[in-house]
Amino acid sequence: MDNLINIKINGREVKVKKDRTVLEIANEAGIDIPILCFHPDLSVKSNCRLCVVEIKGINGLQTACSTVVRNGMDITTESLNINKTRKTNLEFIFSQHLEECPDCVWMSNCQLLKLAKRYSANITRFKDRKSKRPVFQFGPIVFDETKCMDCRNCVEVCPVNFLEIKNRGADIEITPSRNRQKDCIYCGQCITHCPVGAIESTGEFEGIEKPLKKENKYIVAQFAPSIRTTIGEEFGLPYGEVVTGKLVAGLKKLGFYRVFDTSVGADFTTIEEAHELAERILKQRNLPAFSSCCPSWVKFLEFYHPEFIKNLCTTRSPQIILGGLIKTYWAEKEKINPKNIIVVSIMPCVSKKFEMNRPELAINGLKPVDFVLTTRELARLLMKNKIDFKNLPSESADAPFDSPSGAGIIYGASGGVFESAIRTAYKKIAGKDMPDFSVKEIRGQEGIKIRELKIGNRTIKTAVVNGIKNAEQMLNELKNKPKAFDVMEVMACPGGCIGGGGQPLPVSAEIRKSRAESLYKIDEEKPLRSAHENPIIQQIYKNYLTNRKNIHSICHTKFSPKKKGQINKLKNSLKTHA
Amino acid sequence: MIIKNLEKYNLKGRGGASFPVWLKWNEVQGSKSEKKYIICNASEGEPAVFKDGYILENYPDEVINGIKIALTTINNSSAIIYLRKDYYKKFKIKLKKLIGKSPIELRKKTCGYLCGEETTILESLEGKREEPRNKPPYPSESGLFGYPTLINNVETFFCVSKIAKGDYKNTRFYSISGDIKNPGVYELPENWSIKKILNKTDNFPAFNFFVQINGGAGGEIFNNEELSITVSGSGAILVYNFEKAKPLSLINQWLNFFYNENCGKCVPCREGILRLKEILAEKKPNLDTIKDILFALKETSYCALGKSVPIPIESLIKKIWII
C-alpha cells in the first residue's frame, strides 16, 4: 500500500497512514500522550508543550500534536527527560492557574490535575502569579483571568473575535474586546473549549441552588430536547445515552413541583414557524426566512447584521413559549396565580440565560422563564444533593406538557428545527400529506448544508447551518446573491444544541455525533412524529391559543438592532464564588 | 548556475542558524507557484551584533545586487527588505536609489528581537501578532501568505553578490565589542580563530578574559583556553574582563533581554524566564529548580529564543562562575 509507512513507537514497529501526526498515531496505538492546549475542534497551536516526544536523530523534544510522521521515524513518548520537562511545564501552568477545583466546569474530570498526579508535579512550586488578575463578566459569560493558561483556544473558537490577546511575554492577557464594533454573542463555545475552566457562565456554581430556595412558590422545571442525550455523561454514562426518565426523576427528587418537557414547547415553535415559513414562501415575502430560536444567532444578527433582522421569523424559542404557556394556560387551569410560579429551564446553552431576560418577552409583566440552569449546572445540583442519577428509576414528565412529538425532540440537533417545520409546513405548501417524515438530507454535523427540498411541485432551497462563522459566510453570499436560498436554519453552536455552551465536557465532533444520533433514534421510535398531530398542541390551539392576540403574546416576539453590552469587572473569583 | 556556486563555496546563512544557503535557494527555485517571495532579513536585534548595519552602510550595492540575483534566479518572485526601524530611517534613500525599478520593497520591522526569527517576520509582514510559526512547513515550502519564500540575512545576500562576481574570498563580517581597544566590524577570513581575530585587530586583552560568541544575549561563553575555535553563526565576539565581570548581573542582563523580547506564546519561555528572574533575585537560589527550568527551556521551547536562553547561562556557570 502506497500510503502506508513504517515507524517505530516506543520500540514497537507499526505500519501507519502517511500525513498523520504523532499524536494521532499514538492515540490509535493506545499510547496516552498528555495534551492540554490541543482540541480536536481547533487548529494545532502547540503552546502548552506537554505532548513533547523524542524522535531519534532530532535534537530537542518535538510536540506530538504538530509533528507529522515520516517513514522510519523512531518515536519515544515517555522517558526520564520527557517526563522531567512535562513536570516542569505543568508546574509552570499551575503557577498561572488559581485552583478553585470545587467551583470548576471540569469538576472531577480535570485534565490538569490528572496530569499533575501522573507526573508528580509540585503544583505550588512556583507562586500563583495571576491572583490579582481581573475577572470579567459580559452577559452570561464569566472570564476569569486568574485561571487562564494563555492557550488561546477561546480566542480561536470565538466566532466573532471578541476575545483578544494583549501584551507580550509573561504580561500576555486574553481579554474581552473593548472595541465598540465587537460584542459577545454568548454562545459559550469558549467555555467548552477552555482546558482549564477559566470561563464559565454566570451563576454556574454559586447560583444553582437559588431557584429551589424560593419559598411559597410553585417551582416548575422544563428541560430542553438535547438534555436527555447529554446529561448522562456527567455521571459516567456513555456519550449520547438516552436518560429522559432519569432526568425527570432527578428533577422531581430535587423537589420541583412539576417537570415539563421543553420539546412540547418546541412543537408549538414548529407550528408557528412552519406557518411563517409557508406564508413567506407562498407570498415570496422577506425571503430567505431565518430560524429564530437560537438566541446567539439572534444576537449576532441584532448586533452585527441588523440589515437581516427582517429575515428572522418572529416565533419565540421553545423554552419561552412553554414558559409563557405555563404562566398563562396552565396557571389558569390549575388556578394558580402566575406570580407564584417560578419556571426553571434546564438548557444546553448559556445564551438562554440572556434570552430569558429580554424585556419584550414579558407576558402581563411576567418573564416566561425565571431561571436557566445549564446541563452542567443541573448535574452539579444533582450531585450536591447526593442524588444517584445513574440508578434512578425512570419517571415520566407531567401532564399536560409531557408528550412531545418526535419533531420536538430533534430540535437539539442542527437541522432538527427545519426538519420539524417541514413535517408541518409540507401539507400547507404541497396541499397533501408528507410521504415520509424523515428529511435525512439536512441531518448531520456538517457546518453548512444546502439542499434543494421537493415539497409538492415546489423546490425549496434550504440552508442548514451550524457555527456562526459559517452563518457569516452565508450572509456574505446573500449580499451577492439575495436569492441563493429560500430558508435558513442557524444554530450558533457546532452540531446545534447538542454541542451547546452549557453541555458537559469534554466535547468533540464524535461526541456531538453520538448525542445527535440518539435524538434521531428517539424520534424514529415515536409513533407521533409531527408537531401538528400532537393532541396537546391541537387541544391548546382549540381551547386557548384561539385568537391572534393570545398567539402573538405567547408565541411571537420582535427583534431590534442592539448596542454593545456591558463588560463588568468582578472583584475576585474566590470572593464572588465563595 | 548561482545555486551551484553557492553549493561549491558551501555558503552558510549569516543570520545565526548557519543553514546551507543553496538548499533554501534550490527549494524555492524548484517549487511551482504563481508567486514567490524573497526576504532580506535586516532586522538585526541582538546585543553585540551590528555587522548588518555596517554592511548596509558600506556595501548596500552588493546587498541589492544579491537580492537582484535571487529575483532573476527565482521565477515569479518579488522581494522585501525587512529593516530594523533605525536602519530603515538611515538607509531608506540610499537603498531606494539602488533598487531603482526592481520589485524590491522596504518594510519596517514591527517588534523587537523576535522579529529577526524568520517565521515571525512572515507573521509581521502579514500584519499578524509577531510570533513564530510551526515548522514544518518551512518558509521555503509555505512562507509569506502561503507562498514559497526565501529568507536570507543581509550578509548572506552580500556574499551571494560576491560569489556571482567571482569576488568571494571566504570572509565574513565580525562584530567585535566589549572590554577591548578597537571595537567595530571587521571583514576577515571565516576560518580564523578567535585568538587570531583578536590579535590581528589589536584587540587581544592583556588581562584575564572570556568571550561570548554570536550574540550578547543568547551567545555561548568561551574561556581564554578555548580561543582556537572559529566563529560561525552571526559572527559576533563580545569580550569580558574576567575580574570586572559580575556573573550574576550578566545573567540577569541576559534574562531581562529575553524577558522583554519573548512573545508569550509557549509555556516554558513565557513562564520559565520569569521564574528564573525571580529565583535569581532570591538570597539562596534553588539550583535544582534553575536546572529544571533551563532543561525545559532547552528541550521544549517553541522557537529558538527560548531554546537559546540556557546557552549563555549554562556555559557561564560551567566555565567561569563555577558554583
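Residues numbered from 1 in each chain as written. Chains lettered and ligands numbered in written order. Predicted model: local features only at pLDDT ≥ 70, side-chain atom pairs only at ≥ 80, totals over all residues.

### Overview of the domain arrangement of chain B
By a widespread convention, an interface's size corresponds to the accessible area lost as its parts come together.
All names here are of chain B.
Working step 1: Annotation of chain B at the domain level lists domain 1 (2-165), domain 2 (171-241) and domain 3 (247-319).
Working step 2: Placing a centre on the C-alpha atoms of domain 1 and another on those of domain 2 gives a separation of 26 Å.
Working step 3: Of the residues lining the interface, 14 residues belong to domain 1; the matching set on domain 2 comes to 17 residues.
Working step 4: Sort the elements by how many residues they give to the side of domain 1 that touches domain 2 and helix α3 (residues 51-58) lands first, with 3 residues.
Working step 5: Taken together, the residues of the side of domain 1 that touches domain 2 break down into 6 nonpolar, 3 polar and 5 charged. (Domains from an automatic or database assignment. Contact = placed C-beta atoms within 7 Å. Helix = DSSP H or I, 4+ residues; strand = E, 2+ residues; numbered from the N terminus. Nonpolar A, V, L, I, M, F, W, Y, C, P; charged D, E, K, R; others polar.)

### Comments concerning unusual backbone geometry
Residue and element names in this part refer to chain A.
Working step 1: Note that the residue after Leu287, namely Pro288, is joined by a cis bond; omega there is -5 degrees.
Working step 2: Among the secondary structure elements, Pro288 is positioned in the loop between α7 (262-283) and β13 (289-290).
Working step 3: Here the bond from Leu505 into Pro506 is cis, since omega is 0 degrees, no more than 30 degrees from zero.
Working step 4: Inspection of the secondary structure assignment puts Pro506 in the loop between β18 (487-491) and α15 (509-525).
Working step 5: In this structure, Ser46 takes a positive phi of about 40 degrees despite not being glycine.
Working step 6: Note that Ser46 resides in the loop between α1 (22-28) and β3 (52-55).

### What about the interface of chain A and chain B?
Working step 1: In this complex, chain A contributes 25 residues to the contact, which on the side of chain B involves 24 residues.
Working step 2: For the side of chain A that touches chain B, the element with the highest residue contribution is helix α2 (residues 80-94) of chain A, accounting for 7 residues.
Working step 3: Considering only residue class, the side of chain A that touches chain B consists of 10 nonpolar, 11 polar and 4 charged.

### Focus on the sheet that holds strand β2 (residues 12-17) of chain A
All names here are of chain A.
Working step 1: Strand order across the open sheet formed by 5 strands is β2-β1-β5-β3-β4, with mixed pairing between neighbours. Whereas interior strands pair on both sides, the edge strands pair on one side only; in this sheet they are β2 and β4 (62-63).
Working step 2: When β3 meets β4, the two strands line up antiparallel, connected through 2 bridges. The residue bridging Val52 from the neighbouring strand is Thr63, located in β4. (Pairing = 2+ DSSP bridges.)

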